[in-house]
Amino acid sequence: MAAILLDIAPGDEVIIPDFTFVSTANAFVLRGARPVFADIRPDTLNLDERNLARHVGPKTRAIVPVHYAGVGCAMDEILAVARPRGIAVVEDNAHGLFGARRGKPLGTWGALATLSFHETKNFSCGEGGALLVNDERLVARAEIIREKGTNRKRFFRGEVDKYTWVDIGSSYLPSDLLAAYLLAQLEAREFIQSQRHRIWNSYQSQLGGWAQKNGVALPTVPPHCEQPAHLFYLLLPSEADRDALIAHLKTRGINAVFHY
Ligand SMILES: *Cc1c(COP(=O)(O)O)cnc(C)c1O
């Protein structure tokens, strides 16, 4: 939906971090764009704002920062590259629901932001997600695109006396059943998040000594970032160490994965 709303077309370029899940690229590649992969920062693993401008060219239409593990990207700096050049910023906020940077919630910085409710995320209805539309000019068309390209929403509001096909689109709305399943979790948000933070904090406080002894890096969370305890990640010294740790945890019934 984000790529359709931005009229992404063949030949356009979209800058995305080279460390992310495939969905970040697919959304734009499906509209014919070329993904331009930009390096990440070694500390937060987020798009490196310091090297961003060098990836911008005449065909750049969008920048898609991923708030990895829900730790906010350097949005002021990223917007300072994008705005004067008329480039849209779409936050991939699949990890960052209820995270914030300098007190401003993740998902409210770009013209558009995406959320995921896949089963691996903090709030889940199995599959699906949400598009946050922060640019008012995109709202009316977003309503049409998510309703198979029809103006059905205007019909429900009584603004037109029948609904019809007016644009491209698809069936991007969740079913009522999935929405109900998700709503119950959102209502229990404080409980869910407090449990996640309790677990995240105990990893953070108890793994420090072990990590230092074994050359393992723990997550870096800058002081101005509120992270939503989506992931607790470890950077192992080598791929062999990583595989050995994952295998060891598996024997203890703990499912750990590697990214990406
Ligand atoms: C989960 C995830 C997505 C969205 O995945 P979907 O399966 O399409 O909901 C997008 N970006 C990142 C970084 C993710 O982890």
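For the structure itself, look to the data block above.
These numbers were taken from a predicted model, which means no experiment stands behind them.

*Asks:* Quick rundown of the site of the ligand? Include the residues and the values.
*Replies:* Near the ligand the following residues occur: Thr20, Phe21, Ser23, Thr24, Val66, Asp92, Ala94, His95, Ser116, Lys121, Gly128 and Tyr260. At 2.7 Å from a nitrogen atom of the ligand is found a side-chain nitrogen or oxygen belonging to aspartate 92. Residue histidine 95 places a side-chain N or O atom 2.7 Å away from an oxygen atom belonging to the ligand. Alone, the ligand offers 380 Å² of accessible surface; in the complex the protein occludes 80% of this.

*Asks:* Can you lay out the side chain of glutamate 13 for me, pointing to particular residues and giving the numbers?
*Replies:* Along the chain, glutamate 13 turns up in strand β1 (residues 13–17). Within polar-contact distance, the side chain of glutamate 13 engages the side chain of arginine 34 at 3.2 Å. Discounting residues that sit within four places of it in the chain, glutamate 13 has contacts with Arg34, Val36, Lys59, Thr60, Arg61 and Ala62.

*Asks:* Please give an account of the side chain of glutamine 185 that cites residues and values.
*Replies:* Here glutamine 185 is to be found in helix α6 (residues 176–187). Overall, glutamine 185 belongs to the buried group, its relative accessible area being 16%. At 2.6 Å, the side chain of glutamine 185 and the backbone oxygen of serine 124 are in polar contact. Setting aside its immediate chain neighbours within four residues, glutamine 185 contacts Asn122, Phe123, Ser124 and Ile192.

*Asks:* Could you give an account of a nonpolar patch on the surface, with specific residues and numbers?
*Replies:* Together, Phe21, Val22 and Tyr260 line one region of the surface with nonpolar side chains, adding up to about 300 Å² of accessible area. Tracing the backbone shows tyrosine 260 in the segment after α8 (239–251). Of the residues examined, tyrosine 260 reaches a relative accessible area of 38% and is grouped as partly exposed.

*Asks:* Please provide a residue-by-residue account of unusual backbone geometry, values included.
*Replies:* That bond from histidine 259 to tyrosine 260 is cis: its omega, -20 degrees, falls within 30 degrees of zero. If you check the backbone angles, leucine 45 has positive phi at about 65 degrees while not being a glycine. Mapped onto the secondary structure, leucine 45 falls in the loop between β2 (34–38) and β3 (60–63). Given a relative accessible area of 8%, leucine 45 falls into the buried group. Notably, lysine 148 is not glycine yet its phi reads approximately 60 degrees, a positive angle. Relative to the helices and strands, lysine 148 is located in the loop between α4 (139–145) and α5 (152–156).

*Asks:* Can you explain the packing of aromatic side chains? Please cite residues and give values.
*Replies:* All chains considered together, the criterion is met by ten aromatic pairs. Put simply, the rings of Phe19, Phe21, Tyr68, Tyr233 and Tyr260 touch in pairs and so form one group of aromatic residues. Here lysine 104 stacks its cationic end above the ring of tryptophan 109, 5.4 Å away from the centre of that ring. A cation over a ring is seen here: arginine 242 above phenylalanine 258, with NZ or CZ 4.0 Å from the ring centre.

*Asks:* So what's going on with empty space enclosed by the protein? Residues and values would help.
*Replies:* Taken as a whole, this structure holds one cavity of 30 Å³ or more when the rule is applied. Volume-wise, the largest cavity comes out at about 70 Å³. Lining the largest cavity, in full, are Asn93, Ala94, His95, Gly96, Leu97, Leu115, Ser116, Phe117, Lys121, Asn122 and Phe123. Of the residues that constitute the lining of the largest cavity, the class distribution is five nonpolar, five polar and one charged.

*Asks:* How would you sum up the sheet that holds strand β8 (residues 129–133)? Please name residues and give values.
*Replies:* In space, the six strands of this open sheet follow the order β2-β1-β3-β4-β7-β8, with mixed pairing throughout. Only two strands of the sheet have a single partner each, and these edge strands are β2 and β8. Sheet twist, expressed as the mean angle between neighbouring strand axes with direction ignored, is 25 degrees. Sheet topology note: the β1/β2 ladder contains five bridges and is parallel. Across the sheet, the residue bridging to isoleucine 16 is phenylalanine 37, located in β2. Docked against the sheet, helix α3 (residues 75–82) engages β3 and β4 (88–92), running at close to 150 degrees with respect to β4.

*Asks:* Pulling in residues and values, what's your account of helix α2 (residues 22–29)?
*Replies:* Among all positions of α2, only Thr24, Ala25 and Phe28 are buried. Buried residues along α2 cover an arc of 85 degrees about the axis, so they all sit on one side. Each element contacted by the buried residues of α2 is listed here: α1 (2–5), β1 and β4.

*Asks:* Before we move on, can you summarise the layout of surface pockets with the specific residues and values?
*Replies:* Considered as a void within the structure, the second largest pocket measures approximately 280 Å³ in volume. Residue classes in the lining of the second largest pocket are distributed as eight nonpolar, three polar and four charged.

About the thresholds
- Residues numbered from 1 in each chain as written.
- Predicted model: local features only at pLDDT ≥ 70, side-chain atom pairs only at ≥ 80, totals over all residues.
- Heavy atoms only, no water.
- Near = heavy atom within 4 Å.
- Polar contact = N/O pair within 3.5 Å; in protein donor to acceptor, adjacent residues only side chain to side chain.
- Areas by Shrake-Rupley, 256 points an atom, 1.4 Å probe, with all protein chains shown as cover.
- Helix = DSSP H or I, 4+ residues; strand = E, 2+ residues; numbered from the N terminus.
- Contact = heavy atoms within 4.5 Å.
- Buried < 20%, exposed > 50% of the residue type's maximum accessible area, 1.4 Å probe, protein only.
- Patch = residues over 30% accessible without salt bridge, like charges linked within 9 Å, V, L, I, M, F, W, Y side chains within 5 Å.
- Salt bridge = Lys/Arg side-chain N within 4 Å of Asp/Glu carboxyl O.
- Phe/Tyr/Trp six-rings, centres within 6.5 Å; stacked < 30°, edge-to-face > 60°.
- Lys NZ or Arg CZ within 6 Å of the ring centre and 35° of its normal.
- 1 Å grid on protein atoms, 1.4 Å probe; cavity = no way out; pocket = protein on both sides within 12 Å on 5 of 7 lines; lining within 4 Å.
- Points joined across faces, edges and corners; volume = space filled by probe spheres on them.
- Nonpolar A, V, L, I, M, F, W, Y, C, P; charged D, E, K, R; others polar.
- Pairing = 2+ DSSP bridges.
- Axes fitted to C-alpha atoms, helices over the stretch in contact; angles between N-to-C directions.
- Arc of directions from axis to C-beta.

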